[in-house]
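Working through the structure, step by step
Residue strings, one per chain:
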Amino acid sequence: MNFKKTSAAICAALMFTAAGANAATLEFTIGSQNMYAVMPSGTQTEKTVLETAPYTYNDRTMVPVRVISEKFGAAVEWNEAENSVSIEKDGKNILLFIGSDTALVDGEQVT
């Protein structure tokens with residue numbers, strides 16, 4: 001299924017505790033390099049031009065993890081030797097491995 005519009009807030013909600021009822025969400029369109037911060041009222045408040053547009057691959061939506069994580073205030077580090085990405089915010093740590101369908105969330109393996 002190819003969704004034309006995807007909310008990065010869904011991705012972030014899996015990673016971090018919600019910031020509150022007044023928090024903005026991030027929205028982007030598959031194939032477009034534009035990402036917007038959107039308030040709960042639906043008002044777009046900020047536009048970010050992404051280096052790479054989100055796309056679908058094998059029924060999965062591929063999104064730019066660094067920019068999404070950083071917009072939510074997380075620290076992101078790339079480990080080239082391990083082909084992994086570490087995302088940390090508020091004491092929660094997520095470790096993603098390139099080419100793997102599992103991640104480590106606070107040391108616990110998640111598919």
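The paragraphs below set out a description of the structure included in this document. (Residues numbered from 1 in each chain as written. Predicted model: local features only at pLDDT ≥ 70, side-chain atom pairs only at ≥ 80, totals over all residues. Heavy atoms only, no water.)

Within the chain, the regular secondary structure consists of 2 helices and 11 strands. Walking the chain from its N terminus toward its C terminus, one meets helices and strands in the order β-α-β-β-β-β-β-α-β-β-β-β-β. Relative to all contacts within the chain whose residues are 6 or more apart in sequence, the contacts with residues 24 or more apart total 24%. Carbon and sulfur atoms make up 51% of the accessible area of the chain, which amounts to about 7400 Å² in all. (Helix = DSSP H or I, 4+ residues; strand = E, 2+ residues; numbered from the N terminus. Contact = heavy atoms within 4.5 Å. Areas by Shrake-Rupley, 256 points an atom, 1.4 Å probe, with all protein chains shown as cover.)

Before going further, it helps to examine the pattern of salt bridges. Side chains bearing opposite charge may pair, as long as their charged atoms lie close to each other. Throughout the structure, instances matching the rule amount to 4 salt bridges. Note that Lys71 and Glu46 form a salt bridge whose closest N and O atoms lie 2.5 Å from each other. Here Lys71 is found in helix α2 (residues 65-71), whereas its partner Glu46 is found in strand β4 (residues 44-49), with 25 residues between them in sequence. According to the relative accessible area criterion, Lys71 is partly exposed, its value standing at 36%. (Salt bridge = Lys/Arg side-chain N within 4 Å of Asp/Glu carboxyl O. Buried < 20%, exposed > 50% of the residue type's maximum accessible area, 1.4 Å probe, protein only.)

Next up on the list: a nonpolar patch on the surface. On the surface, Tyr55, Tyr57 and Met62 cluster together to form a nonpolar patch covering roughly 320 Å² of accessible area. As for its placement among the helices and strands, Met62 is situated in strand β6 (residues 60-62). (Patch = residues over 30% accessible without salt bridge, like charges linked within 9 Å, V, L, I, M, F, W, Y side chains within 5 Å.)

The next subject is unusual backbone geometry. Of note in the backbone geometry, Asp90 takes a positive phi value of approximately 50° without being a glycine. Mapping Asp90 onto the fold places it in the loop between β8 (84-89) and β9 (92-97). Even without a glycine there, the phi angle at Asp106 is positive, about 50°. Among the secondary structure elements, Asp106 is positioned in the loop between β10 (103-105) and β11 (108-110). Under the relative-accessibility criterion, Asp106 is labelled partly exposed at 44%.

We now examine the sheet that holds β10. Spatially, β7-β8-β9-β10-β11 is the arrangement adopted by the 5 strands of the open sheet, whose pairing is antiparallel. On the outer flanks of this sheet lie β7 (75-79) and β11, each paired with one strand and no other. For this sheet the average axis-to-axis angle between neighbouring strands, irrespective of direction, equals 20°. Direction of pairing for β7 relative to β8: antiparallel, over a ladder of 5 bridges. (Pairing = 2+ DSSP bridges. Axes fitted to C-alpha atoms, helices over the stretch in contact; angles between N-to-C directions.)

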